[in-house]
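What follows is the residue order along each chain.
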Amino acid sequence: MDSRKPNGSLPQLSQPPKYGITKPISLAGPSEADVQRNTELEKFLIESGLYESKEEAAKREEVLGRITEIVKIWVKQLTRQRGYTDQMVEEAKAVIFTFGSYRLGVHGPGADIDTLCVGPSYVNREEDFFIILHDILAEMEEVTELQPVPDAHVPVMKFKFQGILIDLLYASISLLVVPDDLDISCVSVLHNVDEQSVRSLNGCRVADQILKLVPNIEHFRTALRCLKFWAKRRGVYSNVTGFLGGVNWALLVARICQLYPNAIPSMLLSRFFRVYTQWRWPNPVMLCSIEEDELGFPVWDPRKNPRDRFHHMPIITPAYPCMNSSYNVSVSTLRVIMEQFQCGNGICEEIELNKAQWNTLFERYLFFEAYKNYLQVDIVSADADDLLAWKGWTESRLRLLTLKIERDTNGMLQCHPYPNEYVDKSKLFPHCSFFMGLQRKEGVNGQEGQQFDIRGTVDEFRQEISMYMYWKPGMDIYVSHVRRRQLPAFVFPDGYRRPRTLRHPSQHTEKACEDVTRSQYGSAERRIKRKHDDEAVDEKLSKPRDCSTSNFGGTSHISIGQEAKLEHLRTGDVYSNSVDRLLDRDKRYEEIAIQQARTDGTVSEPSCVKSAKQMGEPVRQELLSPSEVPDSETREIYRPGLNGKTGDFASAYMDNEEI
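Note that the structure is a prediction, hence the values are computed from the model and not measured. (Residues numbered from 1 in each chain as written. Predicted model: local features only at pLDDT ≥ 70, side-chain atom pairs only at ≥ 80, totals over all residues. Heavy atoms only, no water.)

Q: Got a minute to help me understand the overall build of the protein chain in this structure?
A: For the protein chain, the count of helices and strands is 18 helices and 10 strands. Each of the 659 residues in the protein chain was classed as buried or not, and the buried ones make up 51%. Sequence separation of 24 or more characterises 74% of the internal contacts of the protein chain that already satisfy a separation of 6 or more. Total accessible area computed for the protein chain in this model is approximately 30,600 Å², and 51% of it derives from carbon and sulfur atoms. (Helix = DSSP H or I, 4+ residues; strand = E, 2+ residues; numbered from the N terminus. Buried < 20%, exposed > 50% of the residue type's maximum accessible area, 1.4 Å probe, protein only. Contact = heavy atoms within 4.5 Å. Areas by Shrake-Rupley, 256 points an atom, 1.4 Å probe, with all protein chains shown as cover.)

Have a look at this one:
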């Protein structure tokens, strides 16, 4: 039979559709088993409370409507003050767009709403947005926790409106009147705007492009909802800390949707881990090709831009100008992300073999059991409102501490910043704490007496933190090195310390993660030997030691070597140093308390003075005899104030517990 067409030409073989920059890996649809697993996955998401109620959804719409009214009145007021005609005042307006998880349709209960206010050319960001609109919002009863961040990479105003978190950005475009039907995805909207406006506009433009580039929006949304939940449970959801934020996860999931266009969410989830455990970073993840435009904005291109060559995990945005959305990822945080990908991949393989359930994949990561050594960063201020701004500034710079530790130890000391913040509810003054896990790089043998002295590193970090433009008296930061056995109780669930004998609550998770670790770092025999060595060291360290060996004075060293070695100090030195540090510490907290007392309008010493002084209890303990201080309660404190009164940092050293 002749297969030629009537015109005599041969028929062309059908080509698989192309999604993104490459052909799909597979066009296969779901099997019956896949459909069953998908049903179980969706049931798990509902039971986990990841979907908001209709009442909350309606309230969000109401809040967005109110914010739209507020910014329209604000622009009309400015238009009248600038002397424009009555007709211009009548036509003047600002338009509100949403982006992020709300625009993508994957937000959950209590999630914030990322919003962008687009205004006319004569309304600026510095004065009109961050001063005039800020003051308008500050006077409204519905608005609480108002926090402007004008010096951020993308300037933002954070607040709660009727209890709903709002992140409000501003972009001024080159139009005197902003139309209601403004097409923000059109490149012409970027004409004659500054770089900060381009970054602000890009959030909405990227969200719209993602929804256009995925084969099935509903499947994409369910898979992304799963991955965001997983990332938060595993401690790798935070762009500001050096991990991945919402847009990063959306782009990664969207690329998997392109590679498996007919897959349902349960399939997309397992393919996600399968693909990215094998991804050869720093090869970039892209949903479409990078296009340059006549507007001349810089785009991500390591061939032309030397800085782009040092990005460790490039995830490129699909809207012009294309940028790397994950430039905050460092060597240390990439290591943590890849470890979690490996763990997730192992569990998904077991789920496909019916050896595990979906809840196993979403088990919470036990960060405070993962390391033997930690850095604790305590952030304090005299006022609760001041703490919001001070914490935001400090948290945005924590990733710099990770980079500095990597730099000053030549990558030998690995740092794992944890995104969650913690509050000691027994302390009445405004404060919060962040933690970082510390360990020697895998595969590096410890030498006798080797140590990591990061005093200068942390001191450099402190100096940069102290350059905060809006610093106020009472704002302070303290850094301390704590071992796992000495972690404060408030970091554990329900306020209790988890017994050392307990391991991961899920045997499946433990097995999968151990298999991954074994394949990466050595044989089972080596791991058993290391476990016995750890137990031997723990037994040594659990014995009460003489007070003269503590390094509260800031000069003793715990070395990494074949055995834990302590350089002894004279008891008199420890005592004199401790008294000086204790007096300086108490004096500093008295200043905080006095400042808060003045704010509250009280005359007598408030109760928070005593609570604030309790922060120094670990320092007081070193003045007691060894019999009075159990080893499990002592810890090494390095907490210099920004005013320099509390002395220098002691180093955060490792012993051989992690070798």
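Q: Just checking my understanding: could you explain the UniProt feature "binding site: ATP" (unreviewed entry) in the protein chain for this structure?
A: Within the UniProt annotation, "binding site: ATP" (unreviewed entry) is assigned to F99, G100, S101, D112, I113, D114, D167, K228, Y237, G246 and V247. Along the chain, the position of D167 falls in strand β5 (residues 164-172). With residues up to four places along the chain from it excluded, the contact list for D167 reads D112, I113, D114, T115, V156, M157 and K158. Checked against the element boundaries, V247 lands in helix α8 (residues 246-259). Among the residues examined, V247 registers a relative accessible area of 38% and is labelled partly exposed. Discounting chain neighbours no more than four positions away, the residues touching V247 are V206 and S325. (UniProt positions renumbered as here; feature names shortened; annotations may be inferred.)

Q: It is not clear to me how the nonpolar core should be interpreted in this structure. Could you clarify?
A: Most often, soluble globular proteins keep nonpolar side chains buried together rather than apart. F220 and W249 are the most contacted members of the largest nonpolar core, which has 95 residues in total. Ignoring any residue separated from it by four or fewer positions in sequence, one finds F220 in contact with L104, I210, L211, V214, A250, V253, A254 and C257. If you look at the next biggest cluster of nonpolar residues, it comprises 30 residues, including V71, V75, L133 and F161. (Core = buried A, V, L, I, M, F, W, Y, C linked by side-chain atoms within 4.5 Å.)

Q: What is the right way to read the packing of aromatic side chains from this model?
A: Each aromatic ring pair is specified by the distance between its two centres and by the angle formed by the two planes. Per the counting criterion, the structure on display carries 36 aromatic pairs. Taking the centre distance of 5.6 Å and the plane angle of 90° together, the rings of F272 and F341 count as edge-to-face. Remark: F341 occurs in helix α10 (residues 331-352) and F272 occurs in helix α9 (residues 265-276); sequence separation between them is 69 residues. With centroids separated by 5.6 Å and ring planes inclined at 45°, the aromatic side chains of Y276 and W279 adopt a geometry described as tilted. Assessed through its relative accessible area of 0%, Y276 is described here as buried. Members of the aromatic cluster, joined through ring pairs, are W230, W249, F272, F273, Y276, W279, W281 and F341. Sitting over the ring of Y237, K232 keeps its end group 4.9 Å from the ring centre. It is R397 that lies over the ring of W393; its NZ or CZ is 3.7 Å from the centre. (Phe/Tyr/Trp six-rings, centres within 6.5 Å; stacked < 30°, edge-to-face > 60°. Lys NZ or Arg CZ within 6 Å of the ring centre and 35° of its normal.)

Q: Is there a simple way to explain the confidence of the model for the protein chain in this structure?
A: Reading fine detail from the predicted coordinates is not recommended where pLDDT is low. Of all residues in the protein chain, 71% have pLDDT values of 70 or greater, and the mean over the chain is 78. The lowest-confidence element of the protein chain is helix α18 (residues 617-621), averaging 32 in pLDDT; the highest-confidence one is α9, averaging 98. With pLDDT under 50 throughout, residues 501-512 is counted as low confidence; its partners more than four residues away or in other chains account for 27 contacts. Across residues 597-659, confidence stays below pLDDT 50; counting only partners more than four residues off in sequence or on other chains, it has 197 contacts. (pLDDT = per-residue confidence, 0-100.)

Q: When you look at the environment of F452 in this model, what are you seeing that I'm missing?
A: Within the secondary structure layout, F452 lies in the loop between β8 (431-440) and α13 (455-465). In this structure the C-alpha to C-alpha distance between F452 and M412, which are 40 residues apart in sequence, comes to 8.9 Å.

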